[in-house]
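# Observations on chain architecture
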Amino acid sequence: MRQRTFVVIALMPALASVTQIAVAQPAQPPAFSADLTRAAVRRVMTAAADWQLAHPSQHLPYDWTVAAFYTGMMAFAEIADSPKYYDAMKAMGEGNQWRPGLRPAHADDQAVIATYAKIFQREKDRKIIAPSVALFDFLVTLPFNEPLTWGNGIEAREWAWCDALFMAPPSLAAVTTATGDRKYLDLANRLWWKTTDFLYDKSEHLYFRDSRFFEQREPNGRKVFWSRGNGWVFAGLARVLKELPADHPDRARYVTLFREMAEKIAAVQGKDGYWRSSLLDPDSRPNPETSGTGFFVYGLAWGINNGLLDRARYQPAVARGWSSIVKAVHPDGTLGWVQRIGDQPGATTAETTEVYGVGALLLAGSEVYTLAK
């Protein structure tokens, strides 16, 4: 019976900027308008969200893949014209019995907690947050003192890969916001900078996916920086900043990092609005890629909306990026050009889609909607 419940609940559920890349592009006229009007933005978001709910992911309902979708759905629920999107997330949590994933210290299995924390803030029912608090109370007792060199299952014990910065720290920060207990945010802050000190390239202002990529190079000789990997970080950074108190001693450090990344991200955007899967060698994998593009649009638009980025400078990048995402949405609401699950730059097609890509679209749309005042 429990397995059947999970299945039902799932239903609820040289730079590229100066390179003109000749590759397959969406051939038909766009099914949706990319106009920066609230009605147009919400129409695209509604179509994508409805398609995903009608075509449930086969991943476990607390997996990181669907957790990214839930994050986008919670953002969409705040501007949607129907309560069904919030209700779907509440039903998902109830079906999960409000539990995180099964691997206690694995960041991927903590990503769903951010959605639980947001629902708790609305419902005020302690059972919603209790399993997450119990897990985080355990995590704050761990030393987290291992080197982050990839191997030996380090990802189950430390944030040794850049994707983790989207998965765990926003959840820890959200639980601090929900409970008022600063120790969860303190842990997120300490581990954020441990991972950043290890994986952030201070000359390129981008993150390596993990230590295996330190010495790897693309065909053009440039370093390997994965679009979605950096999208995970940039979106995670915005989400942490949303929860970070204005007087937090490290806030200025986060803002500096955010602005450094934003400048680089805007510089490597393609003229057609997409960010290619390999940020510094777009020609190596020239097809569009919408999951990284979605997270970048979200972060840049959030930065504008919250006064961290100059609107005149960055809104053109947001507008191009949003237009490119809209072009990738099929008439039935399917989001195409999403790179499959992976850990490095890879190919896409107009037909490839994944649930986290829809989450990225919904996050991006939520901030573009605000920008479209």
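Residues numbered from 1 in each chain as written. Predicted model: local features only at pLDDT ≥ 70, side-chain atom pairs only at ≥ 80, totals over all residues. Heavy atoms only, no water.

## Some details on the overall build of the protein chain
- Within the protein chain, the regular secondary structure consists of 14 helices and two strands.
- Relative to its length of 373 residues, the protein chain is compact, with a C-alpha radius of gyration of 19 Å against a globular reference of 21 Å.
- Taken along the three principal axes of its C-alpha coordinates, the protein chain extends 50 × 45 × 40 Å.
- For the protein chain, the exposed surface amounts to about 14300 Å²; the carbon and sulfur share of it is 52%.
- Side-chain charges in the protein chain split into 41 positive and 39 negative, and the spacing between the mean points of these groups amounts to 3 Å. (Helix = DSSP H or I, 4+ residues; strand = E, 2+ residues; numbered from the N terminus. Rg over C-alpha atoms; globule rule 2.2 N^0.38 Å. Areas by Shrake-Rupley, 256 points an atom, 1.4 Å probe, with all protein chains shown as cover. Lys, Arg positive; Asp, Glu negative; His and termini not counted. Charge placed at Lys NZ, Arg CZ, Asp CG, Glu CD.)

## A word on the packing of helix α2 (residues 38–54) against helix α3 (residues 64–77)
- At a closest axis distance of 11 Å, the pairing of α2 and α3 adopts a crossing angle of 135°. The pairing of α2 with α3 is recorded here as oblique in orientation. Crossing hand, α2 versus α3: left-handed. Of the residues in α3, those touching α2 at R42, M45, T46, A49, Q52 and L53 are F69, M73 and F76. (Axes fitted to C-alpha atoms, helices over the stretch in contact; angles between N-to-C directions. Parallel < 35°, antiparallel > 145°, perpendicular 65-115°, else oblique. Left-handed = near helix turned anticlockwise from the far one by under 90°. Contact = heavy atoms within 4.5 Å.)

## Describing the packing of aromatic side chains
- Under the counting rule described, the total for this entry stands at 21 aromatic pairs.
- Consider the rings of F208 and F214, whose centres lie 5.1 Å apart with planes at 70°: the pair is edge-to-face.
- Looking at F214, the relative accessible area reads 24%, which means it is partly exposed.
- Between the aromatic rings of F208 and F225, the centroid separation amounts to 4.8 Å while the plane-to-plane angle is 35°, which identifies the pairing as tilted. A residue pair is termed long-range when its members are at least 10 positions apart, and F208 in the loop between β2 (206–207) and α10 (227–243) and F225 in the loop between β2 and α10 qualify at 17 residues.
- Using a relative accessible area of 7% as the deciding quantity, one classes F208 as buried.
- Under the relative-accessibility criterion, F225 is labelled buried at 0%.
- Note that R239 overlies the ring of F166, its terminal NZ or CZ placed 4.5 Å from the centroid. (Phe/Tyr/Trp six-rings, centres within 6.5 Å; stacked < 30°, edge-to-face > 60°. Buried < 20%, exposed > 50% of the residue type's maximum accessible area, 1.4 Å probe, protein only. Lys NZ or Arg CZ within 6 Å of the ring centre and 35° of its normal.)

## A closer look at helix α11 (residues 251–267)
- For α11, built from 17 residues, the straight-helix expectation of 24 Å at 1.5 Å per residue is met to within 8% by its first-to-last C-alpha distance of 25 Å.
- Listing the buried residues of α11 in full gives R251, Y254, V255, L257, F258, M261, A262, K264, I265 and A266.
- In this fold, the buried residues of α11 make contact with α9 (183–199), β1 (200–201), β2, α10, α12 (290–305) and α13 (311–327). (Expected span 1.5 Å × (residues − 1).)

## Digging into unusual backbone geometry
- Positive phi values are uncommon outside glycine, yet Q97 reaches one of about 55°.
- For Q97, the position within the fold is in the loop between α4 (84–95) and α5 (113–123).
- Q97 sits in the partly exposed class, given a relative accessible area of 44%.
- In this model, F144 sits at a positive phi of 45°, which is unusual for a non-glycine residue.
- Tracing the sequence through the fold places F144 in the loop between α6 (126–139) and α7 (164–167).
- Of the residues examined, F144 reaches a relative accessible area of 7% and is grouped as buried.

## Thoughts on the nonpolar core
- Within the largest apolar cluster, 125 residues are counted, with the highest numbers of intra-cluster contacts made by W192, Y207 and L300.
- Tallying contributions element by element places helix α14 (residues 355–371) first for this core, with eleven residues.
- For W192, the residues in contact, after removing those within four places along its chain, are W159, L165, P169, Y207, V233, G236, L237, V240, Y254 and L257. (Core = buried A, V, L, I, M, F, W, Y, C linked by side-chain atoms within 4.5 Å.)

## Some points on α14
- For α14, spanning 17 residues, the distance from its first C-alpha to its last is 25 Å, which sits close to the expected 24 Å at 1.5 Å a residue.
- The buried fraction of α14 amounts to 16 of the 17 residues, a majority that puts the element mostly inside the structure.

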